[in-house]
Amino acid sequence: MQYQTESWGSYKMNNMRFCSVGMGDTGLLRIESLASESAVVIFSVSTCCMCHAVKGLFRGMGVSPAVHELDLHPYGGEIQRALIRLLGCSGASSPGALPVVFIGGKLVGAMDRVMASHINGSLVPLLKDAGALWL
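So, here's what we can say about the structure. Treat the numbers as computed from the prediction; the structure is a model and nothing was measured.

A closer look at the overall build of the protein chain
- Scanning the protein chain from terminus to terminus reveals seven helices and four strands.
- A burial count over the protein chain gives 47% of its 135 residues as buried.
- Taking as baseline every contact in the protein chain between residues at least 6 positions apart, the subset at least 24 positions apart corresponds to 61%.
- Surface exposure of the protein chain reaches about 7,100 Å², of which carbon and sulfur atoms provide 57%.

Details of the pairing of strand β3 (residues 100-103)
- On β3, burial covers both faces: Val100 and Phe102 on one face and Val101 and Ile103 on the other are all buried.
- Sheet topology places strand β1 (residues 40-44) next to β3; four bridges connect them, and they run antiparallel. Looking across to β3, one finds that Val40 is bridged to Ile103.
- The hairpin formed by β3 and strand β4 (residues 106-109) contains two residues between the paired strands, and Gly104 there has a positive phi angle of roughly 60 degrees.

With respect to the side chain of His68
- In this structure, His68 sits in strand β2 (residues 66-69).
- Under the relative-accessibility criterion, His68 is labelled buried at 11%.
- The residues touching His68, leaving out its near neighbours within four places in the chain, are Leu34, Glu37, Val41, Ile42, Phe43, Ser44 and His73.

Quick look at the nonpolar core
- Ranked by size, the top nonpolar core spans 20 residues in total, and within it Ile31, Phe43, Ile79, Leu83, Leu98, Val100 and Phe102 carry the most contacts.
- Of all the elements in the fold, those that place two or more residues in this core are α3 (26-35), β1, α5 (76-87) and β3.
- At five residues, α5 tops the list of elements feeding residues into this core.
- Once you skip the residues sitting within four places of it in the chain, Ile79 turns out to touch Arg30, Ile31, Leu34, Phe43, Leu70 and His73.
- Formed by 16 residues, the second largest nonpolar core is a distinct cluster that contains Met61, Val108, Met111 and Ala132.

Quick notes on the packing of helix α4 (residues 49-60) against helix α6 (residues 111-120)
- Direction vectors running N to C along α4 and α6 enclose 30 degrees, while the axes themselves pass 11 Å from each other. The angle between the axes of α4 and α6 places the two elements in the roughly parallel class. Along this stretch, α4 crosses α6, giving a crossing that reads as left-handed. Along the contact surface, α4 presents Met50, Ala53, Val54, Leu57 and Phe58, while α6 presents Met111, Val114, Met115 and His118.
- Broken down by class, the residue content of the contact of α4 with α6 amounts to eight nonpolar, one polar and no charged.

Notes on the packing of aromatic side chains
- Throughout the structure, instances matching the rule amount to one aromatic pair.
- Ring geometry for Phe43 and Phe102: centres 5.8 Å apart, planes at 80 degrees, overall edge-to-face. Taken together, the residues Phe43 in strand β1 and Phe102 in strand β3 connect sequence positions 59 residues apart.
- Of the residues examined, Phe102 reaches a relative accessible area of 0% and is grouped as buried.
- Directly above the ring of Tyr75 sits Arg30, whose terminal nitrogen or CZ lies 3.5 Å from the centroid.

The rules behind these values
- Residues numbered from 1 in each chain as written.
- Predicted model: local features only at pLDDT ≥ 70, side-chain atom pairs only at ≥ 80, totals over all residues.
- Heavy atoms only, no water.
- Helix = DSSP H or I, 4+ residues; strand = E, 2+ residues; numbered from the N terminus.
- Buried < 20%, exposed > 50% of the residue type's maximum accessible area, 1.4 Å probe, protein only.
- Contact = heavy atoms within 4.5 Å.
- Areas by Shrake-Rupley, 256 points an atom, 1.4 Å probe, with all protein chains shown as cover.
- Pairing = 2+ DSSP bridges.
- Core = buried A, V, L, I, M, F, W, Y, C linked by side-chain atoms within 4.5 Å.
- Axes fitted to C-alpha atoms, helices over the stretch in contact; angles between N-to-C directions.
- Parallel < 35°, antiparallel > 145°, perpendicular 65-115°, else oblique.
- Left-handed = near helix turned anticlockwise from the far one by under 90°.
- Nonpolar A, V, L, I, M, F, W, Y, C, P; charged D, E, K, R; others polar.
- Phe/Tyr/Trp six-rings, centres within 6.5 Å; stacked < 30°, edge-to-face > 60°.
- Lys NZ or Arg CZ within 6 Å of the ring centre and 35° of its normal.

What is shown is where atoms sit, not what they do.
Structure follows, in structure tokens:
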């Protein structure tokens, strides 16, 4: 199975702001703000094993991501619903909905996209371009 990380990686948060402002969706605006605060941003749940694995992957590579634990965040439910819509998942219990990773303010996607990018070799260049990795 081939993944096209370019289609997700090139999706910028600017596109979301344009769509969401008219709808009054503060969840997407919150995501936009949080995703731009660091070179790598992970939206996670503190008890999720896949979230733990993706955080470990980045930390093992020497990257210090900004991690937002949605079960501990005051607007976590709202942000999680907006992420689910953004990913096109059907509901909060959708497999693969979390973790969600942004690199350089761009949506990479959930665990499957991150791992596919890591395996096909496109993750390290994304991290370098975002200034998260200096190798």
